[in-house]
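Each chain, letter by letter, is given below.
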Amino acid sequence: MPGLMLLDTPSLYYRAFYGIPESMTAPDGMPVNAIRGVIDMIAMLVREHSPVELAACMDADWRPAFRVAAIPTYKAHRVVSGNAEETPDTLAPQVPVIEQVLDAVGIARIGVAGYEADDVMGTLAVRASGHVDIVTGDRDLFQLVDDAQPVRVLYTARGVKNLQFVDEAAVAAKYGIPGRSYADFATLRGDPSDGLPGVPGVGDKTAAALITRFGSLEALLRAAEEGDELTSGQRAKLSAARDYLRVAPAVVQVARDVPIPAIDLTLPVKPRDPEALAALAERYGLGSPLGRLSAVLEAAS
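Residues numbered from 1 in each chain as written. Predicted model: local features only at pLDDT ≥ 70, side-chain atom pairs only at ≥ 80, totals over all residues. Heavy atoms only, no water.

1. Let's talk about the overall build of the chain
Next, step 1: The number of helices and strands found in the chain is 13 helices and eight strands.
Next, step 2: Its C-alpha atoms give the chain a radius of gyration of 21 Å, within 12% of the compact-globule value 19 Å for 301 residues.
Next, step 3: Summarising its shape, the C-alpha atoms of the chain cover approximately 70 × 45 × 35 Å along the three principal directions.
Next, step 4: Per-residue burial for the chain yields a buried fraction of 51% across its 301 residues.
Next, step 5: For the chain, the accessible area works out to roughly 13700 Å², and carbon and sulfur atoms hold 52% of it. (Helix = DSSP H or I, 4+ residues; strand = E, 2+ residues; numbered from the N terminus. Rg over C-alpha atoms; globule rule 2.2 N^0.38 Å. Buried < 20%, exposed > 50% of the residue type's maximum accessible area, 1.4 Å probe, protein only. Areas by Shrake-Rupley, 256 points an atom, 1.4 Å probe, with all protein chains shown as cover.)

What follows is the structure, given as structure tokens:
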């Protein structure tokens with residue numbers, strides 16, 4: 001269904017970088033595998049799903065201070081120095097070029113200081129008045145699925161050519177939880193890839209069973225404090241993790257109130273800056289993928 005498509009741009013360029021050989025280079029020898037991959041991914045997504053609006057969401061801050069203040073281990077294992085994220089040497093120079101391409105084409109590119117791309121997508125999704133597709137390889141965004149709006153995730157784990165369509169039923173089938181409860185489930189079980197410890201001794205199955213039984217993390221914690229609906233072992237585990245559970249929801253949950261400036265999300269028909277786009281095409285050898293993207297955008301008008 002036509003509507004708003006939100007791109008988890010970092011997820012897409014990492015997928016392109018690792019999925020396309022670095023032998024794909026510009027005339028000067030610079031690898032452009034991520035750049036070309038992102039351009040072709042966007043062309044395919046527009047052609048196959050016909051969005052009316054499109055936003056390329058960015059990490060203005062990949063490790064926001066409010067999350068680190070709550071849980072200092074948040075993404076700490078990815079820090080190389082200061083607060084810089086470990087990024088492959090041949091990918092880092094490609095990211096600014098991807099941004100320049102998006103700007104020259106006229107695709108809305110949105111990053112907000114102090115927030116991750118996930119937070120931008122969460123805010124745009126709840127603001128939207130109609131159908132929203134979120135394109136990502138990050139399961140954390142399953143928390144945004146909402147059949148009522150609807151909001152669904154186009155999950156790229158198997159590639160953009162083989163997307164998995166994730167709605168509430170898919171979340172329930174995969175994890176055995178209510179369809180909108182992914183954030184509560186993820187808080188309990190933790191996520192080592194993000195430096196979130198979870199509740200020791202509570203894995204996927206136990207987390208799913210507890211969230212399904214009580215309906216929410218809030219109700220589960222209330223039951224642990226007030227009643228005898230849990231086993232002594234379960235109460236002990238939750239009690240031992242009390243400090244973590246007090247702050248973790250604000251870290252795990254995608255922000256939905258990011259101060260995003262007014263911006264036109266309308267799918268462009270023609271390049272915003274043809275001269276800049278032509279210069280990028282020549283410098284980085286992007287004529288073919290940009291030609292494909294331009295043709296798709298023109299046909300979508």
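Having seen the model, we can carry on.
2. Some thoughts on the sheet that holds strand S2 (residues 53-57)
Next, step 1: Strand order in the open sheet formed by six strands is S5-S2-S1-S6-S7-S8, with mixed pairing between adjacent strands. What marks the edges here is a single partner per strand, and that holds for strand S5 (108-110) and strand S8 (164-166). Pairs of neighbouring strands in the sheet enclose a mean axial angle of 25°, with direction left out of account.
Next, step 2: Both S2 and S5 contribute to a ladder of three bridges, which runs parallel. (Pairing = 2+ DSSP bridges. Axes fitted to C-alpha atoms, helices over the stretch in contact; angles between N-to-C directions.)

3. Considerations on the side chain of aspartate 184
Next, step 1: Structurally, aspartate 184 can be placed in helix H7 (residues 182-189).
Next, step 2: Put simply, aspartate 184 is tucked away with no salt bridge, and the nearest opposite charge, on arginine 256, sits 9.5 Å away.
Next, step 3: In this structure aspartate 184 touches Ile211, Ser216, Leu217 and Gln253, once residues within four positions along its chain are discounted. (Lys, Arg positive; Asp, Glu negative; His and termini not counted. Salt bridge = Lys/Arg side-chain N within 4 Å of Asp/Glu carboxyl O. Contact = heavy atoms within 4.5 Å.)

4. With respect to the pattern of salt bridges
Next, step 1: For the structure on display, the rule yields 13 salt bridges.
Next, step 2: Arginine 78 is the salt-bridge partner of aspartate 194, the closest N and O atoms lying 2.7 Å from each other. Note that aspartate 194 is positioned in the loop between H7 and helix H8 (204-214) and arginine 78 in the loop between helix H3 (65-70) and strand S3 (79-81), a separation of 116 residues in sequence.
Next, step 3: Taking relative accessible area as the criterion, aspartate 194 reaches 8% and is therefore assigned buried.
Next, step 4: By relative accessible area, arginine 78 is classed as partly exposed at 24%.

5. Looking at the environment of valine 79
Next, step 1: Inspection of the secondary structure puts valine 79 in strand S3.
Next, step 2: When the C-alpha atoms of valine 79 and arginine 67 are compared, they prove to be 14 Å apart, with twelve residues separating the residues in sequence.
Next, step 3: Setting aside anything within four residues of it in sequence, one finds valine 79 in contact with Trp62, Arg63 and Ala84.

6. Digging into unusual backbone geometry
Next, step 1: Glutamine 149 connects to proline 150 through a cis peptide bond whose omega is 0°.
Next, step 2: Note that proline 150 resides in the loop between strand S6 (132-136) and strand S7 (151-155).
Next, step 3: Notably, serine 50 is not glycine yet its phi reads approximately 50°, a positive angle.
Next, step 4: By secondary structure assignment, the location of serine 50 is in the loop between helix H2 (33-49) and S2.
Next, step 5: Phi at lysine 75 is positive, roughly 55°, even though this residue is not glycine.
Next, step 6: Looking at the secondary structure, you find lysine 75 in the loop between H3 and S3.

7. Side note on the pairing of S6
Next, step 1: With five of its five residues buried, S6 lies for the most part within the structure.
Next, step 2: Residues of S6 alternate between two faces, with Val132, Ile134 and Thr136 on one and Asp133 and Val135 on the opposite face, all of them buried.
Next, step 3: Pairing analysis gives four bridges linking strand S1 (residues 4-8) to S6, with the strands arranged parallel. Across the sheet, residue leucine 7 finds its bridge partner in S6, namely valine 135.
Next, step 4: Sheet topology places S6 next to S7; five bridges connect them, and they run parallel. Each residue of the ladder has a partner; that of aspartate 133, found in S7, is arginine 152.

8. Topic: the packing of aromatic side chains
Next, step 1: Going through the model one piece at a time under the given rule, you end up with ten aromatic pairs.
Next, step 2: Following the ring pairs from residue to residue traces out a cluster consisting of Phe142, Tyr155, Tyr175, Tyr182 and Phe185. (Phe/Tyr/Trp six-rings, centres within 6.5 Å; stacked < 30°, edge-to-face > 60°.)

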